[in-house]
Amino acid sequence: MEAKPESHKLIFEKEGVYLHTNAKRSNQDTTVPGFIRIVERDGEPAMEWSPVEEYARKAPAVFYTKKDGEEGEEETKFDPGYEPDWAVISTVKQQRRQEHPPVRETGQWGSFSLPLSELYSLRRARFSLGRNFLVLTTRGGDPLPPLHFNRGGARELLKAMQRYIRLAPSPMDGRLFLAYPHDSGALSQSFDELHLFDDTSADLVSRFIQDPYATTFGGFSKVTNFFRGALPHTHHESPLSNRSPQDAHCPHPADEEPGFELITCGAELGPRPEVKRGKPLDNWDQFLDPEGRVTDPQKVKELVFRGGIVPSLRREVWKFLLGFYPWNSTTKEREDILRGKTDEYFRMKVQWKSVSEEQEMRNSLFRGYRSLIERDVNRTDRHNSFFSGNENPGLVLLHDVLMTYCMYNFDLGYVQGMSDLLSPLLFVTQNEVESFWCLTGFMDLVHQNFEESQEAMKQQLLHLSILLRALDPELCDYLDSQDSGSLCFCFRWLLIWFKREFSFEDILSLWEVLWTRLPCENFHLLMACFILESQKEELIGSNHDFNSILKHINELTMKLDLQPILCGAEAIYLQLTHCKLPLKVQEVLGLRVPSSSSEESPDSEPKETDTLLTQSETRGKIMVCTTILHAM
């Protein structure tokens, strides 16, 4: 029996639609001209893009290519073109999938055919480079390359699409629209009914576990976009409209492509105030009563946050900031605490010191901790005189304190990066016992950064993304377009609190500021926002792509000026606190405590996003820390 020929009906076609390949090379174009079409094949509508013939003949395969005769995806190499100090990974191998993705690869230059039933979302964006884009994401979490409408036609394309699907806007991101079938009840306000986290989309999490680098720097940013944007919306604006209600009667500018207006964040930001740093804390005795109690801990923290601490007082004040001494303890009580802590420390030290070689050979976990510590100690702050030289006693203390911490917290043990946290403590206290207990206090603040699941690091990156989008949605859109929207190039900043980004002396000043937990616990995220804002002109103006963004951020090491960054971060906080903010931003800034109750008031923001985030996280463990730290 002869096969029935495939029926084909052309619904819409537009020439001059460029595919942005994000494969920037000096000898290779990054945009490819082609045709965009809406077609019906056997009654199923699909969006198709294909390059013009002359490009298809001479251009190398870049996106959605397959090896001849093979069904799996072609293995690709990641070559950043440089060797960063904190290497992430040098080669990325994409796992072959057992099932075909919904996008059908049809040509050499990343031609694709996407059934509209598989379209999850589309984002419209305009960057300062002067180009308008549509960014499409499939229901499996696969982002398609951005499409640039050089000769217009975006409005007509969307009208053709809306014959088959409905596009619902996001309330928090005016550029993001979610796609639903016409005949579904998907536009209800319940995420459960939308099935946004079905078995298909769970594939993104499994791919993240199998290949954290490729997925994190690619599709994962699209998931965080969903968490920011896919909330119930009261204003059902059409993606075809690029104007606010106030501008409904205003004509379109003649030189502007309809459907691509740069929409600002929901927060109307006021002016950013000017902030100046204060003088450091230089008189400790004025805060002590006759028995040695600190009379006004909050005033001390405010002074430290405003100006830091003079070096001569750091050893004493740090022990309060890190919980070694209670603020209300007397001088006599502190003497007793020190004796008790000293005894406890050396009891733990004896435990690992007494492990024989035979016992260690039968304890692979203990042996692994020791090996990691010995390796890291030999390359931690060796430029500092306290740790320089081969026979330096400071190295011995660094090793012994870290080994003792393994006995104190054997579940966590030692993770690469912890030596970076200890070295400034040891340098300031010049004491093995005091540095150990200060380390335990520091780890109480950041221990989740080092846990194998990496849930805390993923949450911090998500919070950073929320803050940055509230401050500068244009920069976020640009990073999204370069597959850098996950902000994982900031991973090192957050993991060890900028230890590798500033000079050793600056780190002493920075950490004592952060230990005050003022003005909010996520002040380090505001610092990251200010740094990224300061690099916006370079990143966008120089048209940095994925590789060069990673390289540029890495090269900021030791080139950052701490005091202006502290002022800028505080100014951002004051700016944000004086405007009406989305609830998620308020939560990140500590201005609103997330409700633990499942019952929401009628005017509160729904918590389905939190539920979905939890569901996504439980499907797999984030292994980014291991891959990023392997070459420290």
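Residues numbered from 1 in each chain as written. Predicted model: local features only at pLDDT ≥ 70, side-chain atom pairs only at ≥ 80, totals over all residues. Heavy atoms only, no water.

Moving on, we get to the overall build of the protein chain. Summing up its helical and strand segments, the protein chain has 25 helices and ten strands in all. In the protein chain, buried positions account for 56% of the 632 residues. Summed over all atoms, the accessible surface of the protein chain reaches about 28800 Å², with 49% contributed by carbon and sulfur. (Helix = DSSP H or I, 4+ residues; strand = E, 2+ residues; numbered from the N terminus. Buried < 20%, exposed > 50% of the residue type's maximum accessible area, 1.4 Å probe, protein only. Areas by Shrake-Rupley, 256 points an atom, 1.4 Å probe, with all protein chains shown as cover.)

Turning our eyes to something else, we now look at the pattern of salt bridges. Under the definition given, this model contains 29 salt bridges. As a salt-bridge pair, Arg315 and Glu434 come within 3.0 Å of each other at their nearest N and O atoms. Residue Arg315 is found in helix α8 (residues 311–321), and its partner Glu434 is found in helix α14 (residues 432–446); the two are separated by 119 residues along the sequence. For Arg315, a relative accessible area of 37% translates into the label partly exposed. Under the relative-accessibility criterion, Glu434 is labelled buried at 5%. For Asp381, the salt bridge identified is with Lys499, shortest N-O distance 2.8 Å. Placement of the pair is Asp381 in the loop between α11 (364–377) and α12 (393–408) and Lys499 in the loop between α17 (491–495) and α18 (504–515), with a sequence separation of 118 residues. Assigned by exposure class, Asp381 and Lys499 land together as buried. (Salt bridge = Lys/Arg side-chain N within 4 Å of Asp/Glu carboxyl O.)

Attention now goes to helix α19 (residues 523–534). Three- or four-residue spacings in an α-helix give side chains the same orientation, since the helix completes a turn every 3.6 residues. Here α19 contains twelve residues, and its C-alpha end-to-end distance of 17 Å stays within 8% of the 16 Å for a straight helix at 1.5 Å per residue. Counting buried residues in α19 gives ten out of twelve residues, a clear majority hidden from the surface. For α19, the set of buried residues is Phe523, His524, Leu525, Leu526, Met527, Ala528, Cys529, Ile531, Leu532 and Glu533. (Expected span 1.5 Å × (residues − 1).)

Further remarks concern the confidence of the model for the protein chain. Per-residue confidence for the protein chain gives a mean pLDDT of 75; residues scoring 70 or more make up 67%. Scored below 50 in pLDDT, residues 23–29 shows 14 contacts in the model against residues more than four places distant or in partner chains. (pLDDT = per-residue confidence, 0-100. Contact = heavy atoms within 4.5 Å.)

Turning next to unusual backbone geometry. The phi torsion of most residues other than glycine is negative, and most of the peptide bonds are trans. Following Leu518, the chain continues to Pro519 via a peptide bond in cis, the omega torsion being -10°. Counting through the fold element by element, Pro519 comes out in the loop between α18 and α19. Positioned with a positive phi, Gln430 is a non-glycine residue whose angle comes to about 55°. One can find Gln430 in the loop between α13 (418–429) and α14. Residue classification places Gln430 among the partly exposed positions, given a relative accessible area of 45%. Phi is positive for Met558, which is not a glycine, with a value near 65°. Relative to the elements of secondary structure, Met558 occurs in the loop between α21 (546–554) and α22 (562–577).

Let us look at the side chain of Glu512. Residue position: Glu512 is located in helix α18. A polar side-chain atom of Glu512 sits 3.0 Å from a polar atom in the side chain of Arg314. Side chain to side chain, Glu512 and Trp318 meet in a polar contact 2.9 Å long. In this view, Glu512 contacts Val304, Gly308, Ile309, Arg314, Trp318 and Leu321; residues no more than four positions away in its chain are not counted. (Polar contact = N/O pair within 3.5 Å; in protein donor to acceptor, adjacent residues only side chain to side chain.)

Moving on, we get to the nonpolar core. Within the largest apolar cluster, 114 residues are counted, with the highest numbers of intra-cluster contacts made by Phe450, Trp493, Leu510, Leu526 and Met527. Here this core takes nine residues from helix α15 (residues 455–471), the largest share from any one element. Apart from residues lying up to four places away in sequence, Met527 is in contact with Phe498, Phe502, Leu510, Leu514, Leu562, Ile565, Leu566 and Ala569. With 29 residues, the next largest nonpolar core counts Leu134, Leu157, Leu158 and Tyr164 among its residues. (Core = buried A, V, L, I, M, F, W, Y, C linked by side-chain atoms within 4.5 Å.)

Attention now moves to the environment of Glu344. Topologically, Glu344 is positioned in helix α9 (residues 331–353). In this structure the C-alpha to C-alpha distance between Glu344 and Val433, which are 89 residues apart in sequence, comes to 9.4 Å.

What follows covers the packing of aromatic side chains. Counted by the stated rule, this structure contains 23 aromatic pairs. Seen from their ring centres, Tyr408 and Phe436 are 5.7 Å apart, and the 90° between their planes marks the pair as edge-to-face. Here Phe436 lies in helix α14 and Tyr408 lies in helix α12, a separation of 28 residues in the sequence. Members of the aromatic cluster, each reached through a chain of ring pairs, are Tyr345, Phe346, Tyr405, Tyr408, Phe436 and Trp437. (Phe/Tyr/Trp six-rings, centres within 6.5 Å; stacked < 30°, edge-to-face > 60°.)

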